[in-house]
Amino acid sequence: MNIFSAILFLFFIVAMSASVIDKLLEIPLVEVGETWNCLLSLLDHTSLNFYIFLGIFGIIGFYGKKLLFDPLDRVRLLGDIGYQADGKWDMKEIANSVRKRRLVGEIPPVYPNGWFGLTESFRIKKGESKNISALGLNLAVFRDEKGEVHVVDAYCPHLGANLSVGGRVVGDCLECPFHGWRFRGQDGKCTYIPYADNIPDMAKVKSWPSMEINGWIYLWHHAEGIDPNWTPPELEEITNGNWTYRGRTEHILNCHIEEVPENGADVVHLRHVHEPSIAAGVDLTKMWNILWSFSHHAWSASWEPHTAPEEHISTLSISHSMKLFGKSLTPLDMNVSARQIGPGIVYLEFVSLFGKGVFIHNLTPIEPMVQRLVHNIYVSWTYPTFVAKFFMLGEAIHVERDIMIWNNKKYIDKPLFVKSKEDSVIARHRRWYSQFYSENSPRLKFQKETLDW
Ligand code: FES
Ligand SMILES: [Fe+2]
C-alpha cells in the first residue's frame, strides 16, 4: 500500500465513522467534524491545545509510572506518627514531651547479642563509605574496590577524625581524610602512613564481623566478644533473582527493642490493634469509627520457638482474611509464616492469590530506646508491582498502629498475666528472647551513669 492509498484509506475510515456517529447517535455531521478538528488540534504543535495536552499527558504519565511501577519508599521518623495529637502542639513537640515524661520501666539490657542490619546493600556502592551509628557504636561501613563490604570503628586512632566522613576508599583500605593514614577493612590494621616508614602495631581500628546477604549489610554484636555462632539464612529466591524488590518502609520507634518481637507472640493484640480495616488509618483513637465498620481483618495466629540447633529462631504462623460486610473476601486470604531469626531479623514469607513473596524486617537499636525498623518486600514475577505496593502499604499501616502503643508504653518486667494460653505465650517468648542477653550486655542504668543519657 503506497502512501497515497494509505491516506485515502484513513480518510475513508474517518468519513465512515463520522457518518456512523451521525446515524447511530444522531449527532449532526457538522458537530462530529468540530470534535474531530478539536482532537486534531491536540496534535498540531502550533496550537496551544497541543502544549496543554502534552503537559497533562506528562503529569499523568509521571505519577502513573510512579504509582504502578516504581518501588514504594515510605519513611516515618520519630514524631511523624505514633503519638496522640492534641490540636495545640505539633507532633514533633508532642513526641519530645512524651519522651521526657514517659516511664521507661525496668527494661532488659538495651543491646542484645546477634546479627543486626546496618543498611541496605544498594546504599553503599563500590568505593563508597557511610557513617552509621547503631548499638552504641559509631561505625564506618565501606565497600572496597573489589566490592567487598567492611565495618570498622569510625574514629581514627591518630587524632580522632571520622574515617567515613570525607575518607576515601583505596583498594581494600579506608583512608583517613585528616592525614591520610590507611586502614585495612578486613582486620582494621593501618597499612600506610604517608610521612612515616614504621607503622606501630597499635595503629589499628576495630574491625567488626560483618556479612552481606538478602540485600542487607549485617553486623555481629556480642557483649562478651564471642564470634558468630549462627548466621541469617540466605533467601535463594532473592539471590537468584526469582523474587524482585518492590519497596521499603522505614520507621523510627521510641521503645525497647524487645517490645517489637514480643508483638509476634502477643496473639490477643491482633484483635484490638489490627482488626479495623486499613482504611481506618493508623490513629488508635479514630480507627474504631463506625464509618469503617463495613470491613475488617480477621486473624488467627500461633507462635513456637525452634529447637536446637535453631534455638535462635522462632516462628509465628498467621492466617489472615479480609471481611466485607461480614463476608470473607477469599482472594485476599493469606497465610503468613514469620520467622524471627535472632533478636532483630524477621523473614515474613507469604502466599496469596498473586504468588509468593517475603517481607524482610530489620530492627536495629540506634540508641537504647530508639529503634530503626526497615521492611523490604520481594515478590515473585506474578505479583503486579502496584499489588505488592498496596500490600506493603497495608502492612505499614498495621505497624504504625503498633508504634502508637510502643512509643507510649512502659516496659513491665513482671506483667500481670492471667491464667490463659494467650498470656503464657508472651511469658514463653520472654524466656526465649532472654537467650540474646548475657552478663555484660549493656543496661540503661549503665548508660545513665556514664553517658549522661
Ligand atoms: S586523624 Fe586520621 S590520619 Fe590523622
Ligand atoms: Fe502488632
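Residues numbered from 1 in each chain as written. Chains lettered and ligands numbered in written order. Predicted model: local features only at pLDDT ≥ 70, side-chain atom pairs only at ≥ 80, totals over all residues.

Asker: Can you walk me through the overall build of the chain in this structure?
Answerer: Counting its secondary structure elements, the chain contains 10 helices and 20 strands. Computed over C-alpha atoms, the radius of gyration of the chain comes to 29 Å, more than 25% over the 22 Å expected from 2.2 N^0.38 for 453 residues, which places it beyond the range of a compact globule. For the chain, the spread of C-alpha atoms along the principal axes amounts to about 90 × 70 × 50 Å. Contacts spanning at least 24 positions in sequence make up 56% of the contacts within the chain whose residues lie at least 6 apart. (Helix = DSSP H or I, 4+ residues; strand = E, 2+ residues; numbered from the N terminus. Rg over C-alpha atoms; globule rule 2.2 N^0.38 Å. Contact = placed C-beta atoms within 7 Å.)

Asker: Whenever I open this one, the pairing of strand E18 (residues 345-352) confuses me. Can you help?
Answerer: Consecutive side chains along a regular strand alternate between the two faces of the sheet. Note that strand E17 (residues 334-341) and E18 share 7 bridges and pair antiparallel. Paired with Gln340 across the bridge in E18 is Val346. Relative to strand E19 (residues 355-367), E18 runs antiparallel, the two sharing 8 bridges. Bridge pairing in E19 links Glu349 to Val358. Where E18 folds back onto E19 in an antiparallel hairpin, the turn is made up of 2 residues. (Pairing = 2+ DSSP bridges.)

Asker: So what exactly am I meant to see when it comes to the UniProt feature "transmembrane region" (unreviewed entry) in the chain here?
Answerer: Taking the numbering used here, the UniProt-annotated feature "transmembrane region" (unreviewed entry) corresponds to residues 50-68. In residues 50-68, the share of helix is 100% and the share of strand is 0%. The end C-alpha atoms are 26 Å apart. (UniProt positions renumbered as here; feature names shortened; annotations may be inferred.)

Asker: Looking at this structure, how should I read unusual backbone geometry?
Answerer: Leaving glycine aside, a negative phi is the common case for residues, and trans is the common case for peptide bonds. For the bond from Ala308 to Pro309, the omega torsion is 5°, close enough to zero to count as cis. Here Pro309 shows up in the loop between strand E14 (295-305) and strand E15 (313-324). Positive phi values are uncommon outside glycine, yet Leu135 reaches one of about 55°. You will see that Phe325, though not glycine, has its phi angle at about 50°, which is positive. Among the secondary structure elements, Phe325 is positioned in the loop between E15 and strand E16 (327-328). What makes Phe325 exposed here is the crowd of 7 C-beta atoms within 10 Å. (Buried ≥ 20, exposed ≤ 12 C-beta atoms within 10 Å, placed from the backbone.)

Asker: Would you mind going over the sheet that holds strand E12 (residues 216-221) with me for this structure?
Answerer: Sheet strands pair via backbone hydrogen bonds, and the direction of the pair is either parallel or antiparallel. Strand order in this open sheet of 3 strands is E2-E12-E11, and the pairing throughout is antiparallel. With partners counted over all chains shown, the strands left at the sheet margins are strand E2 (114-120) and strand E11 (210-213), one partner each. Direction aside, the axes of adjacent strands within the sheet are offset by 30° on average. Bridge analysis of E11 against E12 gives 4 bridges, and the strand direction is antiparallel. Across the sheet, the residue bridging to Ser210 is Leu219, located in E12. (Axes fitted to C-alpha atoms, helices over the stretch in contact; angles between N-to-C directions.)

Asker: Please clarify how the nonpolar core should be interpreted in this entry.
Answerer: The nonpolar side chains of a soluble globular protein tend to be buried with one another. Leu118, Ala140, Val141 and Phe183 are the most contacted members of the largest nonpolar core, which totals 68 residues. No other element matches the 8 residues that helix H8 (residues 385-406) contributes to this core. (Core = buried A, V, L, I, M, F, W, Y, C linked by C-beta atoms within 7 Å.)

Asker: Please explain the sheet that holds strand E9 (residues 190-192) as it appears in this structure.
Answerer: Ordered by their spatial adjacency, 4 strands build an open sheet running E6-E7-E8-E9, and the pairing between neighbours is antiparallel. Whereas interior strands pair on both sides, the edge strands pair on one side only; in this sheet they are strand E6 (168-170) and E9. With strand direction ignored, the average angle separating the axes of adjacent strands in the sheet is 35°. Bridge analysis of strand E7 (residues 173-175) against strand E8 (residues 182-184) gives 3 bridges, and the strand direction is antiparallel. Considered in E8, the bridge of Glu175 is made with Arg182.

Asker: Even after reading the chapter, I still don't get the pairing of E19, so can you show me in this structure?
Answerer: Note that E19 and strand E20 (residues 370-380) share 10 bridges and pair antiparallel. Along E20, the bridge assignment pairs Asn362 with Val374. Hairpin connection of E19 to E20: 2 residues between the antiparallel strands.

Asker: Quick question: what am I supposed to make of H8 here?
Answerer: Given 3.6 residues per turn, any residue in an α-helix points the same way as the ones three and four places further on. Between its terminal C-alpha atoms H8 stretches 31 Å, which fits the 32 Å expected from 22 residues at 1.5 Å a residue. What H8 keeps buried is the set Ala388, Lys389, Phe391, Met392, Ala396, Ile397, Val399, Glu400, Arg401, Asp402, Ile403 and Trp406. Where H8 is buried, its residues contact strand E1 (72-76), strand E13 (243-253), helix H6 (259-265), helix H7 (269-273), E19 and E20. (Expected span 1.5 Å × (residues − 1).)

Asker: Where do I start with the environment of Glu224 in this structure?
Answerer: When you line up the elements, Glu224 lands in the loop between E12 and helix H5 (236-239). Given 9 C-beta atoms within a 10 Å radius, Glu224 is considered exposed. A C-alpha to C-alpha distance of 7.8 Å links Glu224 and Glu439, two positions 215 residues apart in sequence. Beyond its immediate chain neighbours, meaning those up to four positions away, Glu224 contacts Ser438, Glu439 and Asn440.

Asker: Just checking my understanding: could you explain the environment of Val75 for this structure?
Answerer: Examined against the element boundaries, Val75 turns out to sit in strand E1. Its 11 C-beta neighbours within 10 Å are what place Val75 among the exposed residues. Along the backbone, Val75 and Thr249 are 174 residues apart, and their C-alpha atoms lie at a distance of 5.7 Å.

Asker: Just to check I follow, could you spell out the confidence of the model for the chain for this structure?
Answerer: Segments scoring low in pLDDT should not have their predicted coordinates read at a detailed level. Predicted confidence across the chain gives a mean pLDDT of 89, with 91% of residues reaching 70 or more. For the stretch residues 446-453, pLDDT sits under 50, and the model shows 6 contacts to residues farther than four places along the chain or on other chains. (pLDDT = per-residue confidence, 0-100.)

Asker: Which parts of the structure should I look at to understand the environment of Tyr411?
Answerer: For Tyr411, the location among the structural elements is in the loop between H8 and helix H9 (421-433). Judged by C-beta crowding, with 18 C-beta atoms within 10 Å, Tyr411 ranks as partly exposed.

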